[in-house]
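Below, each chain spelled out in residue letters.
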Amino acid sequence: MRKIRAIAYNTFTEGIRSKTLYALLIYIMLILFSVTALVPLTLGEHSRILRDFGLSGIEFLSVMLAIVIGTTLVYKEVEKRTIYVIASKPVERFEFLLGKYLGMELLLGLVIFLMAVIFTLGVLFLDGKFTFILLLPVTMIFVKVSVINIIALFFSSLSSPVLGAVFTFCFYLAGTLSRDILRLVQRLSEGPLKIILKIFYYLLPNMGNMDLKNQAVYDTAVLWPQVWWALSYSGAYILAMLMITSLIFEKKDFK
Amino acid sequence: MTAVIQIKGLYKTYQKHFWMPRQTVLKGLNLEVEAGQIFGFLGPNGAGKTTTIKTLMGIIRPSAGRALLFGKDPWDIEPKQRIGFLPESPYFYDYLTGLEFLVFCGRLFNISSVVLKSRIQELLALVNLSYAADLQMRKYSKGMLQRIGLAQALINDPQLVVLDEPLTGLDPLGRKEFKDIILNLKARGKTVFFSSHILPDAEMVCDAVAIINKGKLLQVGNLADLLNARIKAIELNCRNIPEETAGKMKSRSLSSNTINGQWQFNLKAEADISGAIDLVKAAGGDIISVIPQKESLEEYFSREVAGDA
């Protein structure tokens, strides 16, 4: 466990010492923009606009961070040959991957937490009150980003960062639309296209399950069974992807 | 003596892209390195030295054959507890300081914080980098990276130290310090296996060497045996001999030279020594020295590699 912790901490340190935290500046500007420029135009809907903008901003920026940093995580170690140092030490390849993943989770967790603080301050400033239930969609964003993170790690172990980023982004987009894929599958008559789309539906992460932004924006009741289902589904998806990635990584030659 | 490294019929083939033909980098390499030796692994560029080392370190898998460390597969965790490795032209995490990097490496061996702290101080002093411990490695020169690389290779007090081109990138003073560290490791009972292009330096520290070319082993053995087996000439130095004797000596020699009345004759073979000494003494001359001239490692290496071309 100490080895995994060391690798995770190293990955976290790399993220912190690079320009990752600039994402927070972008987020502050987004919140300031929505408070100062949009709110006066929204005829009493200012709170909803801020919630919508704030939560979407957290999701967009953290997904982008997961894709941009996540897809270079392993690739950079191989390309710059820092992997030689770790591979020659008593570290299992699975431990290396898990350490990288957890380090990235720590980094994304910190960035999302700081954005949530900025979001909370924005809501407090505008509404004068803050309900903690607003933090539930933020938690679900973290869960969603954790899934993106494992997909990025998978592609980082297989391909170049550019290809990995494109594939991961496609997974994210298609995962967001997975309910529509299911609807399409239900309408199609039996045939190869239906089978292919069905396979895609099961392979892609179902991001729709993890989205609670609407409940937060429109103050509707939280569907707790949906939350528990999303949590278990994401946990299982991450575990399965981690196992597939380490199976591939186990056989890999570092040239 | 026990073999710490055993390489048996090692093959490695690469295919850059699936439509390209496979390239064979190692062609049935066999090698054994005994404990307590300083072993030089020599070969021209592209000979397969780094590929062999990467196979030994569990970085790549062999296509056929076996590489063993302490009798075990290098992909196992156990033998890796006992080795230290410095890669060629090392590049480390440039956002870390030298100190942070060594702490990171130590944690990969589960070394306790107390032991790690004192060991890092010792190692930084050993590689002469104490002054740069808190400097981010992005600011390190090539020589400094080589030094911190050696320090991380020794963090677990390994029994076997594998160094890939450790002397490259170092200035003469740095090379001397590295050679002293290698000799000191041997004195402490460690085995050092290193590849090098800098043959005079390798000659100075190695007990045994292996020469590989095009993925095949050309020669392996104790350095003294390999070089003593081929004496190029016998250098006889003398003085106070008349011109006539000098003329006779010249006819027995491969070459000769005189400076300030002192003569140097390079005799062809050991059998010529006694006759030449008698001739000098009979003429009333003084013998200063008789030195067998061995082939240098560089000459030996060039001859072996050229013979394989």
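This text follows the structure it describes.
Because the structure is predicted, anything quoted here is derived from the model rather than measured.

## Digging into the overall build of chain A
- Scanning chain A from N- to C-terminus turns up 12 helices and zero strands.
- The N-to-C order of helical and strand elements in chain A reads α-α-α-α-α-α-α-α-α-α-α-α.
- Relative to a compact globule of 255 residues, whose C-alpha radius of gyration would be 18 Å, chain A shows 20 Å and is just as compact.
- Projected onto its principal axes, the C-alpha coordinates of chain A cover approximately 60 × 55 × 30 Å.
- For chain A, with 255 residues in total, the buried portion stands at 52%.

## Topic: the pairing of strand S3 (residues 38–42) of chain B
All names here are of chain B.
- Judged by how many residues are buried, S3 sits mostly within the fold: five of five residues are covered.
- Where burial is concerned, the two faces of S3 agree: the one with Ile-38, Gly-40 and Leu-42 and the one with Phe-39 and Phe-41 are both buried.
- Taken together, the five bridges between S3 and strand S7 (residues 191–196) define a ladder with parallel strand orientation. From the neighbouring strand, Leu-42 faces S7, where its bridge partner is Ser-196.
- Judged from the four bridges that link them, S3 and strand S8 (residues 208–213) form a sheet pairing that is parallel. Bridge assignment links Gly-40 to a residue of S8, and that residue is Val-209.

## Some thoughts on the environment of Arg-51 of chain A
- Inspection of the secondary structure assignment puts Arg-51 of chain A in helix H3 (residues 46–70).
- For the pair Arg-51 of chain A and Leu-134 of chain A, spaced 83 residues apart in sequence, the C-alpha to C-alpha distance is 8.6 Å.

## Side note on a nonpolar patch on the surface
All names here are of chain A.
- Together, Tyr-22, Leu-25, Ile-28 and Leu-32 give the surface a local cluster of nonpolar side chains, amounting to about 390 Å² of exposed area.
- Mapped onto the fold, Leu-25 is located in helix H2 (residues 22–38).
- Looking at Leu-25, the relative accessible area reads 48%, which means it is partly exposed.

## Topic: the interface of chain A and chain B
- Contacts between chain A and chain B engage 28 residues on the former and 37 residues on the latter.
- Here chain A meets chain B over a buried area of about 3,000 Å², counting both sides, of which 57% is carbon and sulfur.
- Together, Arg-2, Lys-89 and Pro-90 of chain A form the three largest contributors to the area buried by chain A at its contact with chain B, with a combined 22%.
- Our enumeration of links across chain A and chain B arrives at two salt bridges.
- The partner of Arg-17 of chain A in a salt bridge is Glu-100 of chain B, with the nearest N and O atoms 2.8 Å apart.
- At the boundary of chain A with chain B, the tally comes to 15 residue pairs in polar contact (both at pLDDT 80 or more).
- Of all the secondary structure elements, the ones that give two or more residues to the side of chain A that touches chain B are helix H1 (2–17) and helix H5 (83–87) of chain A.

Cut-offs and rules
- Residues numbered from 1 in each chain as written.
- Chains lettered and ligands numbered in written order.
- Predicted model: local features only at pLDDT ≥ 70, side-chain atom pairs only at ≥ 80, totals over all residues.
- Heavy atoms only, no water.
- Helix = DSSP H or I, 4+ residues; strand = E, 2+ residues; numbered from the N terminus.
- Rg over C-alpha atoms; globule rule 2.2 N^0.38 Å.
- Buried < 20%, exposed > 50% of the residue type's maximum accessible area, 1.4 Å probe, protein only.
- Pairing = 2+ DSSP bridges.
- Patch = residues over 30% accessible without salt bridge, like charges linked within 9 Å, V, L, I, M, F, W, Y side chains within 5 Å.
- Areas by Shrake-Rupley, 256 points an atom, 1.4 Å probe, with all protein chains shown as cover.
- Salt bridge = Lys/Arg side-chain N within 4 Å of Asp/Glu carboxyl O.
- Contact = heavy atoms within 4.5 Å.
- Buried area = accessible area lost by both parts, 1.4 Å probe.
- Polar contact = N/O pair within 3.5 Å; in protein donor to acceptor, adjacent residues only side chain to side chain.

Treat this as a map of the structure, not an account of what it does.
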